[in-house]
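Chain and residue survey
What follows is each chain in one-letter form.
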Amino acid sequence: MTVPGDFLNQEMGLALLVGSFVGLLAYFALSRLIGRGRLSKKKSAAERQFRNVYSIMDEGRRQSLIRYYMEKYECGREDAMRRAVEERQRDAKRW
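1. Comments concerning the pattern of salt bridges
Under the criterion given, the structure shown has 8 salt bridges. A salt bridge links Arg51 to Glu47, with the shortest nitrogen-to-oxygen separation between them at 3.4 Å. Highlighted residues: Arg51 and Glu47, both in helix α2 (residues 45-53), separated by 4 residues, approximately one helical turn. Assessed through its relative accessible area of 22%, Arg51 is described here as partly exposed. Of the charged contacts in the structure, one is a salt bridge between Glu59 and Arg51, with a shortest N-O distance of 2.9 Å.

Shown next as structure tokens:
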């Protein structure tokens, strides 16, 4: 014979278990969706290196420098960043 209080405790326990399971599923589904969005925004190695070398500059000056190298060498954005870093490294070794 079950006491009404025991039945209520069993229902409550089952509800908490199911709720926890559904919550975990939702958490993992959302984390995977958010993770995919981050992968598409991943910076290239040339851009990361460019931002590290020219980190003291503000964003406007960095973009201006990229445009300058694009026009100077008539190349794309990635190549311009790579050339800017190479030129900076040559200058640093010279002194």
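2. Looking at the side chain of Glu47
Judged by relative accessible area, Glu47 falls into the buried class, the value being 15%. Not counting chain neighbours up to four residues away, the residues in contact with Glu47 comprise Arg77, Glu78 and Met81.

3. So, helix α4 (residues 77-94)
Given 3.6 residues to a turn, an α-helix orients residues that are three or four positions apart in the same direction. For α4, built from 18 residues, the straight-helix expectation of 26 Å at 1.5 Å per residue is met to within 8% by its first-to-last C-alpha distance of 26 Å. Tucked inside the fold, the buried residues of α4 contact α2 and α3 (59-73).

4. Remarks on the packing of aromatic side chains
Enumeration according to the criterion identifies 4 aromatic pairs in this entry. Ring plane angle 70° and centroid distance 5.3 Å describe the contact between Tyr27 and Phe28, whose orientation is recorded as edge-to-face. Overall, the relative accessible area of 53% leaves Tyr27 in the exposed class. Geometrically, the ring pair formed by Phe50 and Tyr54 is tilted, given 5.0 Å between the ring centres and 45° between the ring planes. Under the relative-accessibility criterion, Tyr54 is labelled buried at 9%. What links up through ring pairs into an aromatic cluster is the set Tyr68, Tyr69 and Tyr73.

Cut-offs used in this document
- Residues numbered from 1 in each chain as written.
- Predicted model: local features only at pLDDT ≥ 70, side-chain atom pairs only at ≥ 80, totals over all residues.
- Heavy atoms only, no water.
- Salt bridge = Lys/Arg side-chain N within 4 Å of Asp/Glu carboxyl O.
- Helix = DSSP H or I, 4+ residues; strand = E, 2+ residues; numbered from the N terminus.
- Buried < 20%, exposed > 50% of the residue type's maximum accessible area, 1.4 Å probe, protein only.
- Contact = heavy atoms within 4.5 Å.
- Expected span 1.5 Å × (residues − 1).
- Phe/Tyr/Trp six-rings, centres within 6.5 Å; stacked < 30°, edge-to-face > 60°.

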